[in-house]
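# Observations on the model geometry
Residues per chain are reported as follows:
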Amino acid sequence: MTQLRVPLDDLITRGRVSAMVDDTRVLIAWVDGQVVAYEDACGHRGNSLAEGVVRDCIVTCPAHLWRYDLRTGERHDSPGAPLVSYSLEILGDDIVVDVPPPAPKLSIREALLAAAREGKR
């Protein structure tokens, strides 16, 4: 587990912050008086959500317009896989996010086999 530290002032000033830890982009946002952290990757093609428009706690991916509720990480416009969320705590003037190591990449063969198995269920 890797810890990402972001100054709380950065988040208060901008409303959301994207930061990189190892090979993972993390989106930290201020939503309804709460701080939340998600993998900063849209489920469609992995585009960053940090530059997306946020209205009523819903962020819209700037690349392909998928929408996510930042309170829950769930897709807002269609059922589907939610954003990966991370636990965090506020320590003094910093937000500390626990980011697990990324899952190992599957080979094309492994990905095709996994997709075929999912289709049989």
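Before reading further, recall that the structure is shown in the block above.
Cut-offs used in this document
- Residues numbered from 1 in each chain as written.
- Predicted model: local features only at pLDDT ≥ 70, side-chain atom pairs only at ≥ 80, totals over all residues.
- Heavy atoms only, no water.
- Helix = DSSP H or I, 4+ residues; strand = E, 2+ residues; numbered from the N terminus.
- Buried < 20%, exposed > 50% of the residue type's maximum accessible area, 1.4 Å probe, protein only.
- Polar contact = N/O pair within 3.5 Å; in protein donor to acceptor, adjacent residues only side chain to side chain.
- Contact = heavy atoms within 4.5 Å.
- Core = buried A, V, L, I, M, F, W, Y, C linked by side-chain atoms within 4.5 Å.
- Pairing = 2+ DSSP bridges.
- Axes fitted to C-alpha atoms, helices over the stretch in contact; angles between N-to-C directions.
- Salt bridge = Lys/Arg side-chain N within 4 Å of Asp/Glu carboxyl O.

## Remarks on the side chain of Asp-40
Relative to the elements of secondary structure, Asp-40 occurs in the loop between strand E4 (34–39) and strand E5 (53–55). The class for Asp-40 is buried, based on a relative accessible area of 0%. Only 2.7 Å separates the side chain of Asp-40 from the side chain of Ser-48, close enough to count as a polar contact. Here Ala-50 takes part through its backbone nitrogen, which lies 3.4 Å from a polar atom of the side chain of Asp-40. With sequence-adjacent residues up to four places away left out, Asp-40 is seen in contact with Ser-18, Arg-25, Val-26, Leu-27, Gly-46, Asn-47, Ser-48, Leu-49 and Ala-50.

## Overview of the side chain of Arg-75
Note that Arg-75 resides in the loop between strand E7 (67–69) and strand E8 (88–91). In terms of polar contacts, Arg-75 uses its side chain to reach the side chain of Asp-77, at 3.0 Å.

## A few points about the nonpolar core
Formed by 15 residues in total, the largest nonpolar core has its most connected members in Leu-4, Val-26, Ile-28, Ile-95, Val-97 and Val-99. Elements represented by at least two residues in this core include exactly strand E1 (2–7), helix H1 (8–14), strand E2 (16–21), strand E3 (24–31), E4 and strand E9 (94–99). With sequence-adjacent residues up to four places away left out, Val-97 is seen in contact with Thr-2, Gln-3, Leu-4, Val-26, Ile-28, Ala-37, Tyr-86, Ser-87 and Leu-88. Membership of the second largest hydrophobic core comes to 14 residues, among which are Val-36, Ala-50, Val-59 and Leu-83.

## Some remarks on the sheet that holds E4
Taken together, three strands build an open sheet; the order of strands is E2-E3-E4 and the sheet is antiparallel. The open sheet is flanked by E2 and E4, the only strands paired with a single partner. Averaged over all adjacent pairs, the angle separating strand axes in this sheet is 25°, with direction ignored. The sheet contact formed by E2 and E3 spans six bridges and is antiparallel. Within E3, the residue paired with Val-21 across the bridge is Thr-24.

## With respect to the pattern of salt bridges
Following the criterion strictly, the structure yields six salt bridges and no others. Of the charged contacts in the structure, one is a salt bridge between Arg-14 and Asp-10, with a shortest N-O distance of 3.8 Å. Taken together, the positions of Arg-14 and Asp-10, both in helix H1 and four residues apart, correspond to about one turn of that helix. For Arg-14, a relative accessible area of 54% translates into the label exposed. Measuring nitrogen to oxygen at the nearest pair gives 4.0 Å for the salt bridge that ties Arg-25 to Asp-40. With Arg-25 in strand E3 and Asp-40 in the loop between E4 and E5, the pair connects residues that are 15 residues apart, well separated along the chain. Members of the salt-bridge network, linked through shared partners, are Asp-32, Asp-69 and Arg-71.

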